[in-house]
Amino acid sequence: MSSDDRRSEYRLHYPFDERPQITIEGAIYTIDELSEGGMKVYFMDDRTLPEYVPFTGNIRYIDGEEVEVTGIIKRSDKHGFSVQFEKGVSMQRIVTDQIRLKKKYPLLFDHVD
């Protein structure tokens, strides 16, 4: 799979204070990037990967909405891991966050058409 294939979906990068969190098996992780097909997750205090693949987790957005997702860990390093969703988030939810973030942080989106 080329890097172009992996990035075929729009990926929303969250500013630090706006990052949603995901709870998997009782551990809480911070989401850095999110798309319909997957996410990039950072470790917080606990640097262990979820034990079960595929796993189920709950994303909690800054506005309080929660979404259940299932996925498979595709890559990991000392900072976190990347997930490919089997059941992910809707494009509507990603667009809602993008609009909110563009209004709040317009300079972060100067380069986006």
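Residues numbered from 1 in each chain as written. Predicted model: local features only at pLDDT ≥ 70, side-chain atom pairs only at ≥ 80, totals over all residues. Heavy atoms only, no water.

(A) Broad picture of the packing of aromatic side chains. Counting across every chain of the model gives three aromatic pairs. Considering the side-chain rings of Tyr-29 and Phe-81, the 5.2 Å spacing of their centres and the 85° angle between planes classify their relative orientation as edge-to-face. Of this pair, Tyr-29 sits in strand β3 (residues 27–34) while Phe-81 sits in strand β7 (residues 80–87), and the two are 52 residues apart along the sequence. For the pair shown, Tyr-29 and Phe-81 are each scored as buried. Chaining the aromatic ring pairs together yields one cluster made of Tyr-29, Phe-43 and Phe-81. Lying across the ring of Tyr-61, Arg-93 places its NZ or CZ 3.7 Å from the centre. (Phe/Tyr/Trp six-rings, centres within 6.5 Å; stacked < 30°, edge-to-face > 60°. Helix = DSSP H or I, 4+ residues; strand = E, 2+ residues; numbered from the N terminus. Buried < 20%, exposed > 50% of the residue type's maximum accessible area, 1.4 Å probe, protein only. Lys NZ or Arg CZ within 6 Å of the ring centre and 35° of its normal.)

(B) The confidence of the model for the protein, seen in detail. Taken as a whole, the protein shows an average pLDDT of 87; of its residues, 88% reach a score of 70 or greater. pLDDT under 50 marks residues 1–5. Its contacts with residues more than four places away, or in other chains, come to one contact. (pLDDT = per-residue confidence, 0-100. Contact = heavy atoms within 4.5 Å.)

(C) Examining the pattern of salt bridges more closely. Here the structure, examined in full by the defined rule, presents ten salt bridges. Across the salt bridge formed by Glu-33 and Arg-11, the nearest N and O atoms sit 2.9 Å from each other. You can see Glu-33 sitting in strand β3 and its partner Arg-11 sitting in the loop between α1 (3–6) and β1 (12–13), a full 22 residues away along the chain. Using a relative accessible area of 25% as the deciding quantity, one classes Arg-11 as partly exposed. One salt bridge in this structure joins Glu-65 and Arg-93, with 2.3 Å as the shortest N-O distance. A residue pair is termed long-range when its members are at least 10 positions apart, and Glu-65 in the loop between β5 (55–60) and β6 (66–76) and Arg-93 in helix α2 (residues 91–104) qualify at 28 residues. Judged by relative accessible area, Glu-65 falls into the partly exposed class, the value being 36%. (Salt bridge = Lys/Arg side-chain N within 4 Å of Asp/Glu carboxyl O.)

(D) Fine view of α2. Taking 1.5 Å per residue as the helical rise, α2 with its 14 residues ought to reach 20 Å, and the 20 Å between its terminal C-alpha atoms agrees with that figure. Where α2 is concerned, the buried positions are Arg-93, Ile-94, Asp-97, Gln-98 and Leu-101. Projected down its long axis, α2 shows its buried positions confined to an angular sector of 135°, all on one face. Exposed residues pointing more than 90 degrees away from the buried face of α2 are listed as Gln-92 and Lys-103. Looking at the packing, one finds that the buried side of α2 touches β1 and β3. (Expected span 1.5 Å × (residues − 1). Arc of directions from axis to C-beta.)

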